[in-house]
Amino acid sequence: MSRLFLPDLMFAQGRAHEGAGLLVDDAGVVAGVVRPESAQGAPVHRLAGRALLPGLANAHSHTFQRLFRARAEGRARGGDTFWTWREQMYRAAAFVSPEDVYEVARAAFLEMLSSGITAVGEFHYVHNDRDGRPYSDANTMAKAVVGAAESVGMRICLLRSAYLRAGFQKEPHPGQQRFYETGDAYLRNHEALITEMAGKPLVKVGAAPHSVRAVPLPVMAEIAEVARRQGLPLHLHISEQPAENDACVTEYGTTPVTAIAERGVLSPRTTLVHAIHLSQAEFARVAQSGSTICSCPTTERNLGDGVFPADVAAQLGIPVALGTDSQAQIDLLEDARENEYHLRLVRRERGILDGVRGEEIAGRLLDSASKAGYRSLGLPGGGLANGEPADFFTLDLDDVALLGTDAATLASQVVFAGSRAAIRDVAVAGRLVMQEGRHLLDDEIRARFRRVVRRFVEEA
Ligand SMILES: [Zn+2]
């Protein structure tokens, strides 16, 4: 039997609605945007005082990094850079058991749900046991993360990552021994994971050669070919820092985007994570290929990576998804507005992304946080169109930050002033996994996460 979710305001199918509800069939799929009198007797789930919006998609996440949030912000002796942050990351990666990975992921996913995220792309590269040897089931860690998503009721695309080496002509790094596989082992383990996850309605598997640094190009091309044959999303980090570009030039005589483009890695199923330090010609090449860029501005500002030229991407029509990456903060609406705000600071102008290719700014940023992310993960959704899964969240219109919101400004209010504090209900495939800002497993997840952090701190 269908149900009608009836909020005061709704942003669905590309525009704001007042007095209409979301009709959801018993398979959890959107059947229409209709007024109650046209709902053919479907039971009404009234969401009074709420605005309903498409669920957000976090297209780039490493959940285990939540473990050391706010613990690597100082300036280490000798001068702090991205690389001292990476040492903290190695310590967290060396610490976690499969049970810890599960608990840390549950806490991160709970925070994601409570900030309106209904689908996550987990870029997963911690595969091996602490001694660097594979677990008897090489997908033990990946399955712990998937189990965490299932436990909280979140949609997940597990982007199983290949991490083969420290870099061109570099000795293996001791901090990376839980990441390393051979190319062949990667392909085998990836295939096994796909087989095992088949038939799980909220779980998908994608391929993720970590970066040009960690995966030699011939292997990357092979992984891309497997993804092409199976129609899987393919994600990789690219040009986050200029040093990476320099190393690629040394090894291959060209910068990363050009190098992978020449080996057939770019396609509409490809997502390039970060893509900050690209030449104009490389952006044009990305646009031509139909690939997505996943921008992670909250992490990029935290790590001092640089400003993503969102204006260039917009002008070229490149789809831009968003990711919380290092989990420095989990707030995709913040990421959405940062892509505009960072450019305002650089250019000392406002409204930079407004009107580009005829698209107004709030709709563009909201699409980045929802539709573009779903597309990047190879999932239908993000727009609440008929036939898409009913993944959505609601905001309390009585929240003091949102007072005065009307249909005309709904998207703008949400993108520029919305926050986790106002989020109340979250549904995945039509099932409410959070209600009134609470999740059924709230207390348990919090308690268990605290225990993992305590052990992590004590062992330091
Ligand atoms: Zn990342």
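Residues numbered from 1 in each chain as written. Predicted model: local features only at pLDDT ≥ 70, side-chain atom pairs only at ≥ 80, totals over all residues.

## With respect to the overall build of the protein
Across its full length, the protein holds 15 helices and 17 strands. In summary, the protein has a C-alpha radius of gyration of 21 Å against a globular reference of 23 Å for 460 residues, a match within 12%. Projected onto its principal axes, the C-alpha coordinates of the protein cover approximately 70 × 45 × 45 Å. Put simply, the protein has 460 residues, and 51% of those count as buried. Partitioning the contacts of the protein with sequence separation of at least 6, the portion at a separation of at least 24 is 76%. (Helix = DSSP H or I, 4+ residues; strand = E, 2+ residues; numbered from the N terminus. Rg over C-alpha atoms; globule rule 2.2 N^0.38 Å. Buried ≥ 20, exposed ≤ 12 C-beta atoms within 10 Å, placed from the backbone. Contact = placed C-beta atoms within 7 Å.)

## What to know about the environment of glycine 121
Residue position: glycine 121 is located in strand E7 (residues 117-124). Along the backbone, glycine 121 and isoleucine 423 are 302 residues apart, and their C-alpha atoms lie at a distance of 21 Å. Sequence-distant contacts of glycine 121, defined by excluding residues within four places in its chain, comprise Asn58, Ala59, His60, Ser61, Cys157, Leu159, His235, Ser376 and Leu377.

## Quick notes on the domain arrangement of the protein
Its domain assignment divides the protein into domain 1 (3-54 + 392-428) and domain 2 (56-376). Measuring from the centre of the C-alpha atoms in domain 1 to the corresponding centre in domain 2 gives 30 Å. Facing the 13 residues of domain 1 at the interface are 18 residues of domain 2. Counting only elements with at least two residues in the side of domain 1 that touches domain 2, the list comes to helix H14 (410-417) and strand E15 (423-428). Element by element, the count of residues in the side of domain 1 that touches domain 2 is highest for H14, at five residues. Looking at the side of domain 1 that touches domain 2 residue by residue, the classes come out as nine nonpolar, three polar and one charged. (Domains from an automatic or database assignment. Nonpolar A, V, L, I, M, F, W, Y, C, P; charged D, E, K, R; others polar.)

## So, the nonpolar core
Among the nonpolar cores identified, the biggest contains 136 residues, and Leu22, Val101, Val104, Phe109 and Val145 are the most heavily contacted of them. Considering each element in turn, this core owes the most residues, 10 residues, to helix H2 (residues 98-113). Inspection of this core shows a minimum of three residues originating in each of domain 1 (3-54 + 392-428) and domain 2 (56-376). Contacts of valine 104, omitting those with residues within four sequence positions, involve Thr63, Phe64, Arg66, Leu67, Val96, Phe449 and Val452. (Core = buried A, V, L, I, M, F, W, Y, C linked by C-beta atoms within 7 Å.)

## A word on the environment of arginine 228
Assignment of secondary structure puts arginine 228 in helix H5 (residues 217-230). Since 16 C-beta atoms lie within 10 Å of it, arginine 228 is described here as partly exposed. In this structure, the C-alpha to C-alpha distance between arginine 228 and serine 267, residues 39 residues apart in sequence, is 8.7 Å.

## Digging into the pairing of strand E4 (residues 30-34)
Across a regular strand the side chains alternate sides, sitting on one face of the sheet and then on the other. In this sheet, E4 lies alongside strand E3 (residues 21-24) in antiparallel orientation, the contact comprising four bridges. The residue bridging valine 24 from the neighbouring strand is valine 30, located in E4. If you look at the hairpin formed by E3 and E4, you'll find five residues sitting between the two strands, and glycine 28 has a positive phi there, around 80 degrees. (Pairing = 2+ DSSP bridges.)

## A look at the pairing of strand E9 (residues 203-209)
In terms of residue burial, E9 counts as a mostly covered element, since six of its seven residues are buried. Examined bridge by bridge, strand E8 (residues 155-162) and E9 share seven bridges and lie parallel to one another. Bridge assignment links serine 161 to a residue of E9, and that residue is alanine 208. Between the parallel elements E8 and E9, the chain passes through helix H4 (residues 183-197) in a crossover that is right-handed. (Right-handed = clockwise from strand over helix to strand, strands pointing away.)

## Some details on the packing of helix H11 (residues 332-347) against H14
Look at H11 against H14: their axes get within 7 Å of each other, and the N-to-C directions meet at 95 degrees. Classified by the angle their axes make, H11 and H14 are roughly perpendicular. Seen from H11, the contacting residues are Leu333, Ala336 and Arg337; seen from H14, they are Val414, Val415 and Phe416. (Axes fitted to C-alpha atoms, helices over the stretch in contact; angles between N-to-C directions. Parallel < 35°, antiparallel > 145°, perpendicular 65-115°, else oblique.)

## Notes on the packing of H2 against helix H15 (residues 442-458)
At a minimum axis separation of 9 Å, H2 and H15 run at an interaxial angle of 130 degrees. When the interaxial angle is binned, H2 and H15 end up oblique. You can see that H2 and H15 cross each other, and the crossing is left-handed. Contacts between H2 and H15 pair Asp100, Glu103, Val104, Arg106, Ala107 and Leu110 from the former with Ile445, Arg448, Phe449 and Val452 from the latter. For the contact of H2 with H15, the class distribution of residues is six nonpolar, no polar and four charged. (Left-handed = near helix turned anticlockwise from the far one by under 90°.)

## Thoughts on unusual backbone geometry
Non-glycine residue glutamine 169 carries a positive phi angle of around 55 degrees. Looking at the element boundaries, glutamine 169 is found in the loop between E8 and H4. Owing to 9 C-beta atoms within 10 Å, glutamine 169 belongs among the exposed residues under this scheme. Even without glycine at this site, arginine 348 takes up a positive phi of about 55 degrees.

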